[in-house]
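# Remarks on the overall topology
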Amino acid sequence: MTDLPKFCFIIHPLSLEDVARYEPGAKGKGAPIVRKILEWMPAWAAVHVTGVRAPDGRETEGWFVAAPLLPEQMLAFPREEVYERIVRAIELGAELGAQVAGLGAFTGVVGDGGVTVAQRAPIPVTTGNSLTIAAGVQSLLRGAREMGIDPAAATAAVIGATGSIGGACVRLLAPHVGRLVLVARNATRLRKMHDDLAGSLACESTSTTDVAEGVRCAQLVLTATSSTQDVIEPEDLQTGAAVCELSLPHDVSRRVASLRPDVLVTEGGNMLVPGEPRFERVRERGTEFDLNLPPRTALACMSETMVLALEQRFECYTLGRGIDLERVLEMERMAERCGFALGGMRAFDTAITPERIAAAREAAHERRARVPA
Ligand SMILES: NC(=O)c1ccc[n+]([C@@H]2O[C@H](COP(=O)([O-])OP(=O)(O)OC[C@H]3O[C@@H](n4cnc5c(N)ncnc54)[C@H](OP(=O)(O)O)[C@@H]3O)[C@@H](O)[C@H]2O)c1
């Protein structure tokens, strides 16, 4: 074992396609069988990550450890059983030498957003949400620039506004935009949050439990829900809107890709990793793990875990639903110091080229002429 600082990050499949990408043997097997197999599978170290190196030479290595349940299984299974599986995956990471653990996708969503898991885990735990929030807001504002939208004159809808990520994005976005619409399903929680916050926000704000209504009145949309179904439909998006999606699995219907060429959708939580990162499958040495992302790119939550290892900040950095904005800004600075940068624009599994952006602007121009606002 090297004496580099070490991390582990807990991953899980987001869909049956994800399972087949990792384990081609699962292709063609019925969904109920695959679900049953996942249910029986213990945690395992799936990926060895090396070559993550800051510009000043600091380096870290780590493991992606699989807690192999689908999002809907994480939500449906008894909470204690899911916690147990996540903690077991972290224990495996710690046995490999990890000094800090990150919670991927639904492992950081289920229950109380990592708080109970952190109490039971042998090493400090983070959800990675601080860097995800910082990257999401940067991404949405980049999308606005590309689509020629002036944020200060625009309405921004945050879908999943009462969540860990959404709630912090509301507060971070407020000084940049003209008006905010907060959207979530639970009316009581949403109203309370909005009542507590509205007076201190730097812009006007409203709230609604109707996603379509929220999306329809916004030129900018940031979505970070824990839904396992599509949430944003092509019919509701404004002409020329910029959408930043942080949710995993995705919230934006794939129909948007074909039906709304005038809209710019970007996955907001992708970061370029410094150094020469390698994501090697543990079982098949020499084979790269397909993260379904471009080379040298990782999710922001993974990146936060790597930053904590590089900075030797072995602490529970981000946990639960009450996010400290000071920590978001500190994490953003630490990530920059370690050489992490916002990933290239991407959506629906493909890179967004300058030509695609020009085409979106042109399509928006044409649609405005055809469809009155
Ligand atoms: N890209 C990355 O690097 C990265 C990193 C971490 C997390 N994530 C993803 O980000 C998402 C949010 O995570 P989180 O920790 O903020 O979760 P969270 O704290 O559980 O918040 C989820 C929010 O979504 C709302 N919601 C759920 N279903 C909805 C629906 N159908 N329509 C509208 N709102 C809905 C919830 O409120 P109601 O229940 O009241 O609707 C809540 O406001 C997850 O998909 C997670 O996997 C991505």
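About the thresholds
Residues numbered from 1 in each chain as written. Predicted model: local features only at pLDDT ≥ 70, side-chain atom pairs only at ≥ 80, totals over all residues. Heavy atoms only, no water. Helix = DSSP H or I, 4+ residues; strand = E, 2+ residues; numbered from the N terminus. Rg over C-alpha atoms; globule rule 2.2 N^0.38 Å. Buried < 20%, exposed > 50% of the residue type's maximum accessible area, 1.4 Å probe, protein only. Contact = heavy atoms within 4.5 Å. Areas by Shrake-Rupley, 256 points an atom, 1.4 Å probe, with all protein chains shown as cover. Pairing = 2+ DSSP bridges. Axes fitted to C-alpha atoms, helices over the stretch in contact; angles between N-to-C directions. Near = heavy atom within 4 Å. Polar contact = N/O pair within 3.5 Å; in protein donor to acceptor, adjacent residues only side chain to side chain. Domains from an automatic or database assignment. Patch = residues over 30% accessible without salt bridge, like charges linked within 9 Å, V, L, I, M, F, W, Y side chains within 5 Å. Salt bridge = Lys/Arg side-chain N within 4 Å of Asp/Glu carboxyl O. Lys, Arg positive; Asp, Glu negative; His and termini not counted. Charge placed at Lys NZ, Arg CZ, Asp CG, Glu CD. Buried area = accessible area lost by both parts, 1.4 Å probe.

Okay, the overall build of the protein next. Scanning the protein from N- to C-terminus turns up 14 helices and 17 strands. Taken over the C-alpha trace, the protein has a radius of gyration of 20 Å; the compact-globule value for 373 residues is 21 Å, and the two agree within 12%. Across its three principal axes, the protein shows a C-alpha extent of roughly 60 × 45 × 45 Å. By residue count, 55% of the 373 residues in the protein fall in the buried class. Considering only contacts within the protein whose residues lie at least 6 apart along the sequence, 72% involve residues at least 24 apart. Put simply, the protein shows about 15700 Å² of open surface, and 53% of that area lies on carbon and sulfur atoms.

Moving on: the sheet that holds strand 1 (residues 6-11). Overall, mixed pairing links the six strands, which are arranged 5-4-1-3-2-13 in an open sheet. Either end of the sheet is taken by a strand with one partner, and the two such strands are strand 5 (125-126) and strand 13 (275-281). Pairing geometry for strand 2 (residues 44-53) and strand 3 (residues 59-66), over seven bridges, is antiparallel. In the strand pairing of strand 3, Arg 53 is matched with Glu 59. Of the strands in this sheet, strand 1, strand 2, strand 3, strand 4 (100-103), strand 5 and strand 13 touch helix 12 (residues 300-310), which is tilted by about 165° from strand 1.

Further remarks concern the site of the ligand. As a structural note, the neighbourhood of the ligand is formed by 28 residues, with Thr 162, Arg 185, Asn 186, Leu 248 and Arg 321 the closest of them. In the environment of the ligand, an oxygen atom lies 3.3 Å from a nitrogen or oxygen atom belonging to the side chain of Asn 129. Here a nitrogen atom of the ligand and a backbone polar atom of Leu 246 are 3.4 Å apart. Taking 930 Å² as the accessible area of the ligand by itself, protein coverage stands at 93%. Where the shell around the ligand is concerned, the elements lending two or more residues are helix 7 (129-146), helix 8 (164-173) and helix 12. When residues of the shell around the ligand are sorted by domain, at least three fall in each of domain 1 (6-130 + 273-341) and domain 2 (134-269 + 345-370).

In this section: a positive patch on the surface. Taken together, the side chains of Arg 79, Arg 185, Arg 189 and Arg 321 present a region of like positive charge at the surface. Along the chain, Arg 79 falls in helix 4 (residues 79-95).

On to the domain arrangement of the protein, then. Split into domains, the protein comes out as domain 1 (6-130 + 273-341) and domain 2 (134-269 + 345-370). The centre of domain 1, based on its C-alpha atoms, is set 26 Å off from the matching centre of domain 2. Opposite the 22 residues of domain 1 that make contact, domain 2 presents 17 residues. For the pair domain 1 and domain 2, the summed buried surface comes to about 1600 Å²; carbon and sulfur atoms form 64% of the total. Viewed at the interface, domain 2 and domain 1 are joined by zero salt bridges. Applying the counting criterion to the domain 1 and domain 2 interface returns eight residue pairs in polar contact (both at pLDDT 80 or more). Where the side of domain 1 that touches domain 2 is concerned, the elements lending two or more residues are helix 3 (71-76), helix 7, strand 14 (297-299) and helix 13 (325-337). No other element matches the four residues that helix 13 contributes to the side of domain 1 that touches domain 2.

For the rest of this paragraph, the subject is the sheet that holds strand 9 (residues 220-223). The strand order across the open sheet built from six strands is 8-7-6-9-10-11, with neighbouring strands paired in parallel fashion. Two strands in the sheet have a free side with no partner beyond their single neighbour: strand 8 (204-208) and strand 11 (264-267). Across the sheet, the mean angle from the axis of one strand to that of its neighbour is 15°, orientation sign disregarded. Note: strand 9 against strand 10 (residues 242-245), four bridges, orientation parallel. Residue Thr 223 lies in a different strand from strand 10, and its bridge partner there is Glu 245. Together, strand 9, strand 10 and strand 11 form the strand contacts of helix 7, whose direction differs from that of strand 10 by roughly 160°.

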